[in-house]
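# Observations on the three-dimensional arrangement
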Amino acid sequence: TIWSLAFLALALCAMGTCPSRTRMVFEAVRQSGQAPQFAAEGLRGDPALARGALRRDGGALQVAAGNLSKDRDVVLEAVRENGKALQFSSRQFRSDRGIVLEAVQQDGWALQFA
């Protein structure tokens, strides 16, 4: 199945034999928001890949490349899917009223991370 092939592609990426932006990597992300943790570092920093993962699982912000937790649009996408993803955002967004409101609307417990 495509699912199996996609995770095979991610395993190859983890071993350093990953062509960038492969269709299979993006397909794996479409299937599982946690898939980027198996992708090569360069792919984990890809905003398009991150947004795809965050649509499936806001908690994927934890495994996204560091600079993505500083991207307001990426963080907003994450907290809309999973309010508790606020804990993985940069400090500036944990005090951003708009982002905190989105996070709390999704999950009231997210307020503890503001």
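Throughout what follows, the structure given in this document is the object of discussion. These numbers were taken from a predicted model, which means no experiment stands behind them.

### Thoughts on the packing of helix H4 (residues 47–56) against helix H5 (residues 72–81)
Closest axis-to-axis distance for the H4/H5 pair is 8 Å, and the angle between their directions is 15 degrees. Considering their axes alone, H4 and H5 lie roughly parallel with respect to each other. Two packed elements cross with a definite hand, and for H4 against H5 that hand is left-handed. The segment H4 lies against H5, with Arg51, Leu54, Arg55 and Arg56 engaging Asp73, Val74, Glu77, Ala78 and Glu81. The class makeup of the residues in the contact of H4 with H5 is three nonpolar, no polar and six charged.

### Here's the deal with the environment of Lys70
When you line up the elements, Lys70 lands in the loop between H4 and H5. Residues within four places of Lys70 in sequence aside, it is in contact with Ser90 and Phe93.

### Notes on the nonpolar core
One recurring pattern in soluble globular proteins: nonpolar side chains tend to sit buried together. One finds Leu54, Leu61, Val75, Val79, Leu86 and Ile99 to be the most contacted residues of the largest nonpolar core, which totals 18 residues. If you tally residues by element for this core, the top one is H5, at five residues. Setting aside its immediate chain neighbours within four residues, Leu86 contacts Val79, Phe93, Arg94, Ile99, Val100, Ala103, Ala110, Phe113 and Ala114.

### Description of the pattern of salt bridges
A full pass over the atoms with the stated rule returns three salt bridges. For the salt bridge of Asp96 with Arg72, the shortest nitrogen-to-oxygen distance reads 3.1 Å. Of this pair, Asp96 sits in the loop between helix H6 (91–94) and helix H7 (97–106) while Arg72 sits in helix H5; the two residues are 24 residues apart in sequence, bridging distant segments of the chain. Residue classification places Arg72 among the partly exposed residues on the basis of a relative accessible area of 36%.

### With respect to the side chain of Asp107
Relative to the assigned elements, Asp107 resides in the segment after H7. A polar contact of 2.9 Å, which involves the side chain of Asp107, links it to the backbone nitrogen of Trp109. Setting aside residues no more than four positions away along its own chain, Asp107 makes contact with Gly83 and Lys84.

### Some remarks on the packing of H5 against H7
One can describe the packing of H5 onto H7 by two numbers: an axis separation of 7 Å at closest approach and a directional angle of 20 degrees. Considering their axes alone, H5 and H7 lie roughly parallel with respect to each other. For the element pair H5 and H7, the recorded crossing hand is left-handed. Only Gly98, Ile99, Glu102, Ala103 and Gln106 of H7 make contact with H5, whose side of the interface consists of Arg72, Val75, Leu76, Val79, Arg80 and Glu81. Broken down by class, the residue content of the contact of H5 with H7 amounts to five nonpolar, two polar and four charged.

Calculation rules
- Residues numbered from 1 in each chain as written.
- Predicted model: local features only at pLDDT ≥ 70, side-chain atom pairs only at ≥ 80, totals over all residues.
- Heavy atoms only, no water.
- Axes fitted to C-alpha atoms, helices over the stretch in contact; angles between N-to-C directions.
- Helix = DSSP H or I, 4+ residues; strand = E, 2+ residues; numbered from the N terminus.
- Parallel < 35°, antiparallel > 145°, perpendicular 65-115°, else oblique.
- Left-handed = near helix turned anticlockwise from the far one by under 90°.
- Contact = heavy atoms within 4.5 Å.
- Nonpolar A, V, L, I, M, F, W, Y, C, P; charged D, E, K, R; others polar.
- Core = buried A, V, L, I, M, F, W, Y, C linked by side-chain atoms within 4.5 Å.
- Buried < 20%, exposed > 50% of the residue type's maximum accessible area, 1.4 Å probe, protein only.
- Salt bridge = Lys/Arg side-chain N within 4 Å of Asp/Glu carboxyl O.
- Polar contact = N/O pair within 3.5 Å; in protein donor to acceptor, adjacent residues only side chain to side chain.

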